[in-house]
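# Observations on the model geometry
Given next are the chains, with one letter for each unit.
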Amino acid sequence: LAYKTYREMNKRCKSLYHKILLISIITAVITGLYPTISMFLYSSLPGLTTGGKEAIIIFIGCMLLTAFQSNIVVILRRVLSYNSEKMKELYSRYSRISEYKEVIAKPRAFFIINTPGSLLNITSKIRMSKYGNLSKIYDLLNHAIVVLMSTMSVMYISPCLFFLFLAIAIFNIESMLYIEEIRRKNFNKANIFDMHISKRDSDIISNIPLIQESLNKEIECNKIFERSKYRENILNKIRFVEVRNSLSQKGIGELLYTVILIGYIAYDIINTKDIGRFALITSAVTQFRWSTESLSSIYTQMSSSRNMVVDFEKKLATPKALNRKTGNEILQPSDNIISIKNAKFSYPEVKDITIFGDEKIERGADVIKGISTQIKPGEITAIIGSSGQGKTTMLNLIRHDYDLVSGSIKLGSKDITSLSDDEINKQISFIDQRVQFFDQTLLYNLKYFNEKATEDEVKKALDSAGLTEDVSSLKDGVYHKLGRNGSTLSGGQRQRLALARIFLTDRPIMILDE
């Protein structure tokens, strides 16, 4: 995952990343020298009591080296932190472009079950998980170098001691991975549970006018409170299990390290009476232990990031039920006849891929049953029927929001499955039951499909949609701010503005839903 993320970065990010890696290596090498400097420093102490010149020189030199080492490591870590933040900002800036492209490319039907905001939230989490995984590489490299250097120091003292500590380190790593796997399973369960609770609460919040009208404010508030309380109890139980497992694993590791280290130091001092070896053993073993634990922790975090990316990418993936056949054929001006032949359709059941998988497509009852018709240019065709008979569904199928179960829909001589969404949109203008506008001026929204429209064309479009009088009554005229989704306009004005916008596109086919 880290390599894949590295390849996705632009040149500027890669250059900065190489700089961070180099600083990290230098920091690790300087840090890894500490046990050796400590050994010479403590070895010179007995000579100081006798006033030996060589011992004094070694002692002063080692003290200066220790001070230099501490200061240079602090400086390098600050430089590392600054460059890391800079790279994070750069990576985020360039990644957002691809995130928007990925969300915008989703089929329209996908936005029925996922809001664009929730999808962008998922892509943001994927981005941060990927960056987190990549940024751990230089931490991993740093600690790996320190482990290598401290290993050499411990091996110099006693190979047997090194293998004992290595065995403990392996035990710690394996137990941490096991705990992380349990944590991930609990996290997934908690996440699904949390989403279910949030969905229920969101349903209440989105229907506040209905709740006020029914006089059920107290009841619904109590429901939210009870669900919140239940959610907190479940999450607390999960956290308790995680903390208990983590403390148990750390306690065993700490005990083994301490017993072995104290026992070996006592044995070595009795036999060698060399205080320098004591300093080398304690500092090298401490570094080895700290770095192996850090490596284990970093690896666990990287595994967690990878698993999160996999889980979030599943949520972002278009379900098989919504996949459609598309092509790259080009429509000609003559392709303006809509031909529907034996069209049959039933809505697919869209389920959460992360829970139910994506193998089998299940469908509900037939909504469209063997319809055949032809709509020619110059005609105004009305599809009528009672509510729930499939009028909107038929219009969505013409726009190719879904694939038919059987039959065909053609634009001229081209089957819609052989066309891209962009190609269909060049030919068809569509006004939905719920029209959408930007929180910009009326003119901005009117010219959104055709920025080159002249003032005369704008006036003509407003006139054709019966909106000229309404616009002239507005204080700022065409520069009136619409608010979110045209909230400053009435329902009829919004529909007519959408119609005026369509008149400026000059597309040969117009589809109006109610």
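Remember, predicted model here, so these are calculated numbers, not experimental data. (Residues numbered from 1 in each chain as written. Predicted model: local features only at pLDDT ≥ 70, side-chain atom pairs only at ≥ 80, totals over all residues. Heavy atoms only, no water.)

### Notes on the overall build of the chain
From N to C terminus, the chain includes 18 helices and 6 strands. In terms of overall size, the chain is more extended than a compact globule, its C-alpha atoms giving a radius of gyration of 34 Å where 514 residues would be expected to give roughly 24 Å. The dimensions of the chain, computed from C-alpha atoms along their principal axes, are 110 × 50 × 50 Å. Among the 514 residues that make up the chain, the fraction classed as buried is 40%. In the chain, the share of contacts with a sequence separation of at least 24, taken over all contacts with a separation of at least 6, comes to 79%. In the structure as shown, the chain presents an accessible area of about 30100 Å², 58% of it carried by carbon and sulfur atoms. (Helix = DSSP H or I, 4+ residues; strand = E, 2+ residues; numbered from the N terminus. Rg over C-alpha atoms; globule rule 2.2 N^0.38 Å. Buried < 20%, exposed > 50% of the residue type's maximum accessible area, 1.4 Å probe, protein only. Contact = heavy atoms within 4.5 Å. Areas by Shrake-Rupley, 256 points an atom, 1.4 Å probe, with all protein chains shown as cover.)

### Observations concerning the side chain of Thr27
Looking at the secondary structure, you find Thr27 in helix 2 (residues 11-32). By relative accessible area, which is 1% here, Thr27 ends up buried. Among all residues touching Thr27, those that are not within four sequence positions of it are Val73, Leu76, Arg77 and Asn142.

### Details of the packing of helix 2 against helix 5 (residues 53-104)
Where helix 2 meets helix 5, the closest approach of the two axes is 9 Å, and the angle between their N-to-C directions is 160 degrees. With respect to each other, helix 2 and helix 5 are oriented roughly antiparallel. In this structure, helix 2 meets helix 5 at a crossing whose hand is left-handed. Of the residues that constitute the contact of helix 2 with helix 5, the class distribution is 16 nonpolar, 6 polar and 5 charged. (Axes fitted to C-alpha atoms, helices over the stretch in contact; angles between N-to-C directions. Parallel < 35°, antiparallel > 145°, perpendicular 65-115°, else oblique. Left-handed = near helix turned anticlockwise from the far one by under 90°. Nonpolar A, V, L, I, M, F, W, Y, C, P; charged D, E, K, R; others polar.)

### Some words on the nonpolar core
Counting 31 residues, the largest nonpolar core has Ile338, Ile340, Leu397, Leu411, Ile428 and Ile511 as its most contacted members. Where this core is concerned, the elements lending two or more residues are helix 7 (116-157), helix 11 (275-316), strand 1 (338-348), strand 2 (363-375), helix 13 (391-398), strand 3 (406-411), strand 5 (428-431) and strand 6 (509-512). Excluding residues within four positions of it along the chain, Ile340 makes contact with Ile371, Ser372, Thr373, Met394, Ile398, Ser408 and Ile409. Counting 22 residues, the second-largest nonpolar core is a separate cluster that includes Leu442, Leu446, Val458 and Ala461. (Core = buried A, V, L, I, M, F, W, Y, C linked by side-chain atoms within 4.5 Å.)

### Thoughts on the packing of helix 7 against helix 11
Contact pair helix 7 / helix 11: the axes reach a minimum separation of 7 Å and the direction vectors enclose 160 degrees. The angle between the axes of helix 7 and helix 11 places the two elements in the roughly antiparallel class. Crossing of helix 7 over helix 11 shows left-handed handedness.

### Remarks on a nonpolar patch on the surface
A contiguous nonpolar patch, built from Phe438, Tyr444, Tyr448 and Phe449 and spanning about 390 Å² of accessible area, is present on the exposed surface. Within the secondary structure layout, Phe438 lies in the loop between strand 5 and helix 15 (442-446). (Patch = residues over 30% accessible without salt bridge, like charges linked within 9 Å, V, L, I, M, F, W, Y side chains within 5 Å. Salt bridge = Lys/Arg side-chain N within 4 Å of Asp/Glu carboxyl O.)

### Here's the deal with the pairing of strand 5
Residues of strand 5 alternate between two faces, with Ile428 and Phe430 on one and Ser429 and Ile431 on the opposite face, all of them buried. Of the pairings in the sheet, the one linking strand 5 to strand 6 comprises 4 bridges and is parallel in character. Looking across to strand 6, one finds that Ile431 is bridged to Leu512. (Pairing = 2+ DSSP bridges.)

### Digging into the pattern of salt bridges
In this structure the tally under the stated criterion is 9 salt bridges. One salt bridge in this structure joins Asp335 and Lys414, with 3.1 Å as the shortest N-O distance. Of the two residues, Asp335 is situated in the loop between helix 11 and strand 1 and Lys414 in strand 4 (residues 414-415); the sequence distance between them amounts to 79 residues. On the accessibility criterion, Lys414 (13% relative accessible area) is buried. Notably, a salt bridge pairs Lys426 with Glu423, separated by 3.5 Å at the nearest N-O pair. You can see Lys426 and its partner Glu423 sitting in helix 14 (residues 421-427), 3 residues apart, about one turn around the helix. One network of salt bridges, with partners in common, ties together Arg108, Arg399 and Asp401.

### Looking at the sheet that holds strand 1
Sheet architecture is open: 4 strands sit in the order 2-1-3-4, paired in antiparallel fashion. The sheet terminates laterally at strand 2 and strand 4, the two strands that pair on one side only. The pairing of strand 1 with strand 3 spans 5 bridges and is antiparallel. Residue pairing across strands places Lys341 opposite Ser408, the latter belonging to strand 3. Across the sheet, helix 13 lies against strand 1, strand 2 and strand 3, angled at about 115 degrees from strand 1, the strand it touches most.

### Re helix 13
The buried fraction of helix 13 is high, at 7 of 8 residues. Those residues of helix 13 hidden inside the fold are in contact with strand 1, strand 2, strand 3, strand 5 and strand 6. His400 sits one or two positions beyond helix 13 and adopts a positive phi of about 65 degrees.

### So, the packing of aromatic side chains
This model, assessed by the stated rule, comprises 8 aromatic pairs. Both rings, one in Phe438 and one in Tyr444, keep their centres 5.9 Å apart while their planes meet at 80 degrees; by these two values the pair is edge-to-face. Of the residues examined, Tyr444 reaches a relative accessible area of 39% and is grouped as partly exposed. Judged by centre distance (4.7 Å) and plane angle (55 degrees), the rings of Phe438 and Tyr448 are tilted. Of this pair, Phe438 sits in the loop between strand 5 and helix 15 while Tyr448 is found in the loop between helix 15 and helix 16 (455-464), placing the two residues 10 residues apart along the sequence. An aromatic cluster is defined as three or more aromatic residues linked by ring pairs; in this entry it consists of Phe438, Tyr444, Tyr448 and Phe449. Residue placement shows Lys106 over the ring face of Phe110; its charged tip is 5.3 Å from the ring centre. Its guanidinium or amino end placed over the ring of Phe430, Arg399 lies 3.9 Å from that ring's centre, counting from NZ or CZ. (Phe/Tyr/Trp six-rings, centres within 6.5 Å; stacked < 30°, edge-to-face > 60°. Lys NZ or Arg CZ within 6 Å of the ring centre and 35° of its normal.)

### Re the environment of Phe449
Note on placement: Phe449 falls in the loop between helix 15 and helix 16. The class of Phe449 is partly exposed, set by a relative accessible area of 41%. Once residues within four sequence positions are removed from consideration, Phe449 is found in contact with Arg501, Ile502 and Thr505.

### Observations concerning unusual backbone geometry
In this structure, Asn342 is a non-glycine residue whose phi angle is positive, near 45 degrees. Counting through the fold element by element, Asn342 comes out in strand 1. Not every positive phi belongs to a glycine, and His400 is a case in point at roughly 65 degrees. Note on placement: His400 falls in the loop between helix 13 and strand 3. Take His400: its relative accessible area is 0%, and that puts it in the buried class.

By themselves these figures say nothing about function.
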